[in-house]
Structures are given as structure tokens and as C-alpha cells.
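Survey of secondary and tertiary structure
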Amino acid sequence: MPEGSTFLVPWRDVDRQDMPPGFLVVARRAPRTAAVAVYLFDHAPDGAGTGRPYPLPDPADAVARARMSGLRMIEGSWPTLGVHPDFRRDDWTFDEVAWRPYGGRQWVAIRLDDRNVLDEVGRREIDDDEALMLPSGDLEGDTWPALVLKEREEARVRRELDAPWSDRR
């Protein structure tokens, strides 16, 4: 699966099933495996899936980024739109992910090799706030998009509730 590949992501979360599909861009891939690093958007750009040219979204507008298994993309569960002609690798960076070992309490930022998202080239401990700002390092399956959006929304609400009254929007 080449970098720059784009997909429509049908929502499997009950709260989102009536929404238009999400949109996913493959930013990096691991050689000879199904592991990819992706950007997820909560809706597809206008015109995506019509067979006509459509704009590639701004990477800064992604609702989440993660390292994940691309099996759903490979097996065709998520409709592929092909490699977008405007994809420029340098605009879609992916150098660090947040990961918490199963059952662990401490988050770790894992620095990734730019040529292979499965290769770790460094790590450091981080707090919960920094972990929320980094892409997820979990290699989840087809449930990842709905779960990560729900997790990010819950964290945002917790941050707002913990903020002093004067800082709330």
C-alpha cells in the first residue's frame, strides 16, 4: 500500500453510523507488512469518492493520527480512493507516537524510523497531557477510528472540566 493512499472509513461506532464516512491518508508504511501510519479526518473532503479530483485535506486538520494495521484497507473493507496526486511526504510527518504498555500507567513517546513505522529509534517517558498530543502507537484493527475519536473527545472534556473556570470556553 503506497504512501499517499486514501480511503473512506465507514463508522462502526453506533453514535456515528448515520454520519458521512471518515477519510484516511496513509502517511508512512512499514516495508513487507500491513503496518501503516495514518492521518484520520472525521469526514471526507468534498468530491472524494466521486471519481473526480478532490482536494487533499490539510494534515493539521486531522482529528487523529496513529500507527495501525492496514488489513482493513488491504482486504477492501474500507473503500480505496487510490494514491492522491497532491500527497507530499514531507507535509505528512510521523516521527513519534504515544504508547502505554498493556496494564501500565506510564506513557512512553516512541520515536520512529522514518523509513519503517515499526522500527523504534528512541523512547522517553511522557505525561498524560503530552500523550494526548501525540499520535497513538497502538496497532489496532477496524475499530481504531471510532475508538480513538471517542478517547480524544473524552480527554478533551476531562481537560475542560479540570480547567479553571476562567479558562473554559
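Data block above holds the structure.
Residues numbered from 1 in each chain as written. Predicted model: local features only at pLDDT ≥ 70, side-chain atom pairs only at ≥ 80, totals over all residues. Heavy atoms only, no water.

Re the overall build of the protein
In terms of regular secondary structure, the protein is built from three helices and eight strands. Listed by position from the N terminus, the elements making up the protein come as β-β-β-β-α-β-β-β-β-α-α. For the protein, buried positions account for 41% of its 169 residues. Long-range contacts, defined here as pairs at least 24 residues apart, represent 59% of the contacts in the protein between residues at least 6 apart. (Helix = DSSP H or I, 4+ residues; strand = E, 2+ residues; numbered from the N terminus. Buried < 20%, exposed > 50% of the residue type's maximum accessible area, 1.4 Å probe, protein only. Contact = heavy atoms within 4.5 Å.)

Things to note about the side chain of Asn116
Mapped onto the secondary structure, Asn116 falls in strand β8 (residues 116-126). Those residues in contact with Asn116 that sit more than four places away from it in its chain are Arg29, Ala30 and Pro31.

A few points about the sheet that holds strand β6 (residues 96-99)
Pairing is antiparallel across the open sheet formed by three strands, whose spatial order is β6-β7-β8. Edge strands, defined here as strands with exactly one partner in the open sheet, are β6 and β8. On average, adjacent strands in this sheet sit at an angle of 35° to one another, irrespective of strand direction. Here four bridges tie β6 to strand β7 (residues 107-113), and the two strands are oriented antiparallel to one another. Across the sheet, the residue bridging to Glu96 is Arg111, located in β7. (Pairing = 2+ DSSP bridges. Axes fitted to C-alpha atoms, helices over the stretch in contact; angles between N-to-C directions.)

Observations concerning the sheet that holds strand β1 (residues 5-9)
Across the sheet, which stays open at both edges, the five strands sit in the order β4-β3-β2-β1-β5 with antiparallel pairing between neighbours. The open sheet terminates on both sides in strands that have one partner only, identified here as β4 (64-69) and β5 (80-83). Ignoring which end each strand starts from, the neighbouring axes of this sheet average 30° apart. With six bridges connecting them, strand β3 (residues 35-41) and β4 associate as antiparallel partners. Residue pairing across strands places Tyr39 opposite Arg65, the latter belonging to β4.

Let's talk about the nonpolar core
Judged by nonpolar contacts, the single largest core of 21 residues is most densely connected at Phe23, Val25, Trp92 and Phe94. At the level of elements, β2 (22-29), β3 and β7 are the ones that each hand at least two residues to this core. Looking at this core, the element that brings in the most residues is β3, giving four residues. Contacts of Phe94, omitting those with residues within four sequence positions, involve Ala27, Arg28, Ala37, Val38, Tyr39, Arg65, Ala66, Arg67, Leu112 and Pro135. Judged by nonpolar contacts, the second largest core, of 11 residues, contains Trp11, Val26, Val36 and Met73. (Core = buried A, V, L, I, M, F, W, Y, C linked by side-chain atoms within 4.5 Å.)

Looking at the pairing of β7
The side chains of a regular strand alternate between the sheet's two faces. Of all seven residues in β7, six are buried, a share of seventy percent or more. As judged from the seven bridges shared by β7 and β8, these two strands associate in the antiparallel manner. Across the sheet, residue Asp113 finds its bridge partner in β8, namely Asn116.

Some thoughts on the packing of aromatic side chains
As enumerated under the stated definition, the model contains six aromatic pairs in all. On the numbers, 4.8 Å between centres and 85° between planes, the contact of Tyr39 with Trp92 is edge-to-face. Taken together, the residues Tyr39 in strand β3 and Trp92 in the loop between β5 and β6 connect sequence positions 53 residues apart. A relative accessible area of 4% places Tyr39 in the buried class. One aromatic cluster is present, formed by Phe23, Tyr39, Phe41, Tyr54, Phe87, Trp92 and Phe94 through successive ring pairs. Here Arg65 stacks its cationic end above the ring of Phe94, 5.6 Å away from the centre of that ring. (Phe/Tyr/Trp six-rings, centres within 6.5 Å; stacked < 30°, edge-to-face > 60°. Lys NZ or Arg CZ within 6 Å of the ring centre and 35° of its normal.)

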